[in-house]
Amino acid sequence: MMLLAIEQGNTNTLFAIHDGAQWIAQWRTSTYANRTADEYAVWLHQLLTMRGLEITQLDGCIISSVVPQSIFNLRNLSRRYLKVEPLVIGDNAELGIPVRILKPSEAGADRLVNAIGAHIAYPGDLIVIDSGTATTFDVIAADGAFEGGVIAPGINLSLQALHEAAAMLPRIAIQKPDHVIGKDTVSNMQSGVFWGYIALIEGLVARMKAEWGKPMTVIGTGGVASLFEGATSSIDRFDPDLTIRGLLEIWRRNTHL
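Residues numbered from 1 in each chain as written. Predicted model: local features only at pLDDT ≥ 70, side-chain atom pairs only at ≥ 80, totals over all residues. Heavy atoms only, no water.

1. Some points on the nonpolar core
Link 1 in the chain: Among the nonpolar cores identified, the biggest contains 26 residues, and Ile62, Ile89, Leu95, Ile97 and Ile250 are the most heavily contacted of them.
Link 2 in the chain: Contributions of two or more residues to this core are made by strand E1 (3–8), helix H3 (109–119), strand E6 (125–131) and helix H6 (242–255).
Link 3 in the chain: A total of 6 residues in this core trace back to one element, the largest contributor, which is H3.
Link 4 in the chain: Leave out the neighbours within four places in its chain, and Leu95 touches Ile89, Leu112, Ile116, Ile250 and Arg253. (Core = buried A, V, L, I, M, F, W, Y, C linked by side-chain atoms within 4.5 Å. Buried < 20%, exposed > 50% of the residue type's maximum accessible area, 1.4 Å probe, protein only. Helix = DSSP H or I, 4+ residues; strand = E, 2+ residues; numbered from the N terminus. Contact = heavy atoms within 4.5 Å.)

As structure tokens, then:
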């Protein structure tokens, strides 16, 4: 089996290849809702060739996307070039977990995939913090159920809004400042964004644990999660492979491989 797993967020789209034993390749591209199946195929073909692989070797495909208008093109990529019907989270893929929220259909595909990826790797009750376009805090019960959570603006989104709404504030890179109290505009902004998000994480985790009332392990994942490593004790583990692990598990549950 050679599986193509596609995980599409609002900012980036991850393509990963699993050969039945391990992940052998991963690539990211900017998310563009109108990119066609043919455009994806040309891009993917070039990257596969660089790894000594052919697109015809791919005989399975699973898709998780939070961009509804892109799913049509990603589905066509699988049908036209892989010659297989893809599994699509939220459509024809059975997840095998309870979704204990008021409207289960509202649960984002990425959050449910993360829930599965976390549950199979870590025991007990969990909080998964996914730092992307939005920063999500998801509660996964010890039985694997998705129990809901919190959605906050992502760190890049906040930085962009600050720059665009205030004419005198420059566009800056995100990095951990040496001091909380900044001495110029850039260090003021870096401190506000970085330490502000640390405070957001620590405050929400504390409140969620208090409301849950039982011990919880906190897992960090997502594009900018590594920024926070070593800066807070509120996150117990950092796991960049959470999402693709969840996609692989869903694929196995649906194909019994």
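2. Observations regarding the pattern of salt bridges
Link 1 in the chain: Under the defined criterion, the tally for this structure stands at 11 salt bridges.
Link 2 in the chain: Between Glu106 and Lys103 there is a salt bridge; the shortest N-O distance is 4.0 Å.
Link 3 in the chain: Residue Arg111 is joined to Asp138 by a salt bridge in which the shortest nitrogen-to-oxygen separation is 2.5 Å. Of the two residues, Arg111 is situated in helix H3 and Asp138 in strand E7 (residues 134–140); the sequence distance between them amounts to 27 residues. As far as burial versus exposure is concerned, Arg111 and Asp138 are alike and both buried.
Link 4 in the chain: Linked through salt bridges whose partners overlap, the residues forming this network are Arg75, Arg79, Glu85 and Asp91. (Salt bridge = Lys/Arg side-chain N within 4 Å of Asp/Glu carboxyl O.)

Purely geometric numbers; function is a separate question.
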